[in-house]
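Remarks on the overall topology
Next come the chains, spelled out residue by residue.
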Amino acid sequence: MRLSLLRLSYLSLVVTVLGFTGWAVSPLLADEPTTPPADAAADKSDDKKPDDKKNEAAAGDVPPPAAAAAQAATPAAAAEKPKYRPIAEVLKDAQKIDGLLTLHRKDEELFVELKPTDFDRDFIVLITIAKGIGQTPILGGYSWGFGDDWVWQFRKSGERIHVVRRNVRFTADAGSPSAEAVKLAYTDSVLFSLPIATKSPSGSYIVSLAPVFMGDLPQISLALPGFSFSAPRSTWADVKGHPKNVEIQVAATYSSSGYQEIDSVADSRGVTINVHYSISHLPKTSYKPRLADDRVGYFLTVAKDFSKSEEEDRFVRYINRWNLEKADAKAAMSPPKEPIVFWLEKTIPFKYRKPIRDGIAEWNKAFEKAGYFDAIDVRQQPDDATWEPGDINYNTFRWITAGAGFAMGPSRVNPLTGEILDADIIFDSDFLQVWKQSYETFTPKGIEALTGGPIDLESYHAEQRRLPPYLRNSHSAHCACNLLSGVSHQLALAASVSAIRKRSPEEMDKLIMQALKEVTMHEVGHTLGLRHNFKASAFYDMSEVNDVAKTSLTGTTASVMDYNPINIRAKEETQGDFYSTTIGPYDYWAIEYGYKPIGGGNAEAELPELKKIAARSGEPGLAFATDEDTRGFDPDPHSFRFDMGKDLLEFATLRAKLVAEAMPGLVNEMTAEGDGYEKARRAFGVLLSSHGQAMYMMSRYIGGVEVSRSHKGDANAQPPFRIVDADKQRAALKMLGEHVFTDQPFNIPTEMYNQLAPSRWSHWGSEEVDRPDYPVHEVILMWQDRILARTLSPLTLSRIYDAEVKLPGDKDVFTTSELLRELTGTVFANFDKLAEGEFTDRKPAITSMRRNLQRSYLRQMSRLALNNGAAPEDCQSLAFLELTRLKSRIDGVLGGSAKLDDYTRAHLTESSARIAKVVDARMSATP
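In this report, we go over the structure that sits alongside the text. (Residues numbered from 1 in each chain as written. Predicted model: local features only at pLDDT ≥ 70, side-chain atom pairs only at ≥ 80, totals over all residues. Heavy atoms only, no water.)

A short note on helix H9 (residues 350-361)
With 12 residues, H9 should reach 16 Å at 1.5 Å per residue; the first-to-last C-alpha distance of 17 Å fits that figure. Buried residues of H9: Tyr352, Arg353, Pro355, Ile356, Gly359 and Ile360, and no others. Tucked into the core, H9 has its buried residues touching strand E18 (340-344), strand E19 (376-380), strand E20 (395-400) and helix H16 (505-527). (Helix = DSSP H or I, 4+ residues; strand = E, 2+ residues; numbered from the N terminus. Expected span 1.5 Å × (residues − 1). Buried < 20%, exposed > 50% of the residue type's maximum accessible area, 1.4 Å probe, protein only. Contact = heavy atoms within 4.5 Å.)

Here we look at the sheet that holds strand E10 (residues 198-199)
Strand order in this open sheet of 5 strands is E1-E2-E3-E11-E10, and the pairing throughout is antiparallel. The sheet is open, and its two edges are formed by strand E1 (95-97) and E10, each paired on a single side. Sheet topology places strand E3 (residues 109-114) next to strand E11 (residues 205-208); 4 bridges connect them, and they run antiparallel. Bridge pairing in E11 places Phe111 opposite Ser208. (Pairing = 2+ DSSP bridges.)

Describing the environment of Phe721
In this structure, Phe721 sits in strand E25 (residues 721-723). By relative accessible area, Phe721 is classed as exposed at 59%. Along the backbone, Phe721 and Val707 are 14 residues apart, and their C-alpha atoms lie at a distance of 4.8 Å. The residues touching Phe721, leaving out its near neighbours within four places in the chain, are Val705, Glu706 and Val707.

Description of the pattern of salt bridges
The tally for this structure, following the rule as stated, stands at 43 salt bridges. Of the charged contacts in the structure, one is a salt bridge between Asp267 and Arg269, with a shortest N-O distance of 2.7 Å. Given the relative accessible area of 45%, Arg269 is considered partly exposed. When salt bridges that share partners are traced, they join Arg531, Asp627, Glu628, Asp629, Arg641 and Arg709 into one network. (Salt bridge = Lys/Arg side-chain N within 4 Å of Asp/Glu carboxyl O.)

A short note on the sheet that holds strand E16 (residues 300-305)
One open sheet accounts for 3 strands, arranged E8-E16-E17; its pairing is mixed. Strands with a single pairing partner mark the edges of an open sheet, and in this sheet they are strand E8 (170-171) and strand E17 (315-319).

Some words on the packing of helix H21 (residues 648-662) against helix H24 (residues 726-739)
Two numbers describe how H21 lies on H24: the axes approach to 11 Å, and their chain directions differ by 15 degrees. In terms of their interaxial angle, H21 and H24 are classed as roughly parallel. Along this stretch, H21 crosses H24, giving a crossing that reads as left-handed. Packed against H21, whose contacting residues are Leu649, Ala652, Thr653 and Ala656, the element H24 presents Lys728, Ala731, Ala732, Met735 and His739 at the interface. Grouping the amino acids of the contact of H21 with H24 by side-chain chemistry returns 6 nonpolar, 2 polar and 1 charged. (Axes fitted to C-alpha atoms, helices over the stretch in contact; angles between N-to-C directions. Parallel < 35°, antiparallel > 145°, perpendicular 65-115°, else oblique. Left-handed = near helix turned anticlockwise from the far one by under 90°. Nonpolar A, V, L, I, M, F, W, Y, C, P; charged D, E, K, R; others polar.)

Comments concerning helix H27 (residues 816-827)
Taking 1.5 Å per residue, 12 residues should reach 16 Å; H27 reaches 16 Å between its end C-alpha atoms and fits that length. Taken together, the buried residues of H27 touch H24, helix H25 (776-791), helix H26 (794-806), helix H28 (848-865) and helix H29 (873-894).

Focus on the packing of aromatic side chains
Tallied over the entire structure, the rule returns 26 aromatic pairs. Between Tyr586 and Trp589, the aromatic rings sit 5.8 Å apart at their centres with planes inclined by 70 degrees, giving edge-to-face as the arrangement. One end of the pair, Tyr586, and the other, Trp589, are both in helix H19 (residues 585-595), 3 residues apart, so they sit about a helical turn from each other. Relative accessible area serves as the criterion here: at 0%, Tyr586 is assigned to the buried category. What makes Trp589 buried here is its relative accessible area of 1%. An angle of 80 degrees between the planes, with centres 6.5 Å apart, marks the rings of Phe684 and Tyr753 as edge-to-face. With a gap of 69 residues between them, Phe684 in helix H23 (residues 678-699) and Tyr753 in the loop between H24 and H25 connect regions that are remote in the sequence. By relative accessible area, which is 1% here, Phe684 ends up buried. An aromatic cluster is built from Trp150, Trp152, Phe213 and Tyr277, whose rings are joined through pairwise contacts. (Phe/Tyr/Trp six-rings, centres within 6.5 Å; stacked < 30°, edge-to-face > 60°.)

Pasting the structure below:
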């Protein structure tokens, strides 16, 4: 079974749903036995008999090296035997590595010297995939366990050393009764129990770290089902010591039966992944934690403080940020004592280094307003540098070639305070190529992903249950960053339209460089602590978006932390910047909240000033909505990905115009003489999906509720919820009738369908197309069905129904009755013209496109009428009424004088019979 990157498999499911800056990977809470590889016999390393294996200890409980010999010794001999083996014997031929912890490396062993001062002291352990396999999530540069960094301690227990992961989520004031209660209620996790190998003359205890790192410590096997860690085939790839940290890299081989085939791996019976561990003391610095506010979007470090009274919210929420301090604390503007330094990895192509460097440095503008000169320093990694990007001492911008078309900007955080300690941005070079393999065909699941995910709670919860257990409750699993994959789609639209318009290479280069800079600014924002803001794109109307005099100062939207679409206009319209070239007003405000020096740095003392800053949330451009506000079923039409402008009707109209303009010349302009037609097919898919996305976004006005995070008393603040104006909902429904619920949704020349051929290659890394001739009815119906399903979803109907109570009686309200009545009229348009006339199979009374749409509508209305969902009962009754009215109309057409074609007569006859069955079933089921 081929594990292709673009097929829906276990691994691609993880990234599609997460898809991501990273996630939490928690160690087992009990001693973890090393799982033997599926092909252990091939290793020729395990000659134990089955009975012997039964008596083995778990990997976390390693027996003392001389235990067997001690048991065999006579009592007299045992009495004379020294407690530990001589240190010279244990460390013979070992290479000493000085650093924060003194290490000794030889062959398959790695020993550590633990001084008495190393015990019961906090260490932070950062894990990075140094070399991956080109399959998500196991990609080179990936930060493993993002959002859940590990705090370890070494603790001596008798003649063993315990490796303990601390539980840092619960706290209380030291010495208080609550602190004792916390100790009783919550425990740390002992991951390993290591025997003491020997003791040095200076009093250090020497233990082997092989049981710790020569195993599946990061639990990568959970993301590689069917694979297990193979110790005999794993080696120490690199071990380095530094005064403040040690860096350990393991070439970890995972074995399987070889049943699965992975395109990017030579032989799946042995998959080697380099795992990098960076270990350092949890720093004790001058850093002062800063309390969070839900109006401003930061990643959080959260603890539950039992010293607080029962009446209080016991959760303490700190924002994640860097320890930035002024060199001159009294100056209004000062450089920092230590800047945030980003290193551009030497793998970045020369032509892309400037927009990336500029994108990182652009954030200095926000820090200047917060009182800092040159808060961020961008440096180039020397070609002869030997340090690894996983080293905690270096923040890097990494350029990888994983073929996954993604970018991520994770940071590593002190889990006690929220202080950011390390950040490594990863940028996949294939973002310009991935789209070429993505739009030859569509699936309902793919269209769902393009339009925000599940639209009802039942489907959403089912999707969450399908996640692997270790991801199901992970915050990062729900807040992953998929910006670059969406940008790939946007650039594909630009490439398709630009080829038809014959844009110059210089203009295309400008477009690419602006895209690179914006994605860089976005990912750097994450490394500064900022979360997504999907409300920022509603800042300007579409004419302002193309006013370069404005956007050069503010960007095309209020924040680069949104997923902003490419700004590309139809012919003869003013074209502004394609992407934001600078950060927006929200970005300045968020950096002010997080980094402006306030008072003495005491978290509680800062609160009054922080509340003043956050109280500006009602100002234009400062609205905030993030991932948990932007699920497929969430109500705010302007909290969405890749939308743009204050008015989504205007945005959808412009996108429809752009697509209609590009469609007729698509094949000729995308297909050069002598080439195949695959580029035309992909471009057709890109235009079709761009049109569908825009219409879906606009459809969210129907039943929409605008959401505000502003608090009571914030200046210019909107109420927490505001129902979308009734006329706007009606306009959205009317537009759907013109551009989606019609038999001619696109300006597509008939002959084009027979020119949309797929690529003809069939080999590893290529995708097979199930149906080479273009499935036009199927694809167009998928888009119609998706938008119709959202319009008739139980949550949409519930919100429209609730609006009748939530708005005063004299206020105009768009009702569920009006929605169903108008929607029926739109889908079954032209019925009045079927009373007479003569039709043929080639010129049917109802076209095939509209027949498919009507069947979809009847299926969804039938489910609603039969209570197959969670819609209000009044809505079910209305659906029943609408179906009975529709049956009367259908029967009238069938009994009329028109000579109907067979397609239409069969369709209407069947539709009438289906409605009759629904009516009978509902009446039978009604008590």
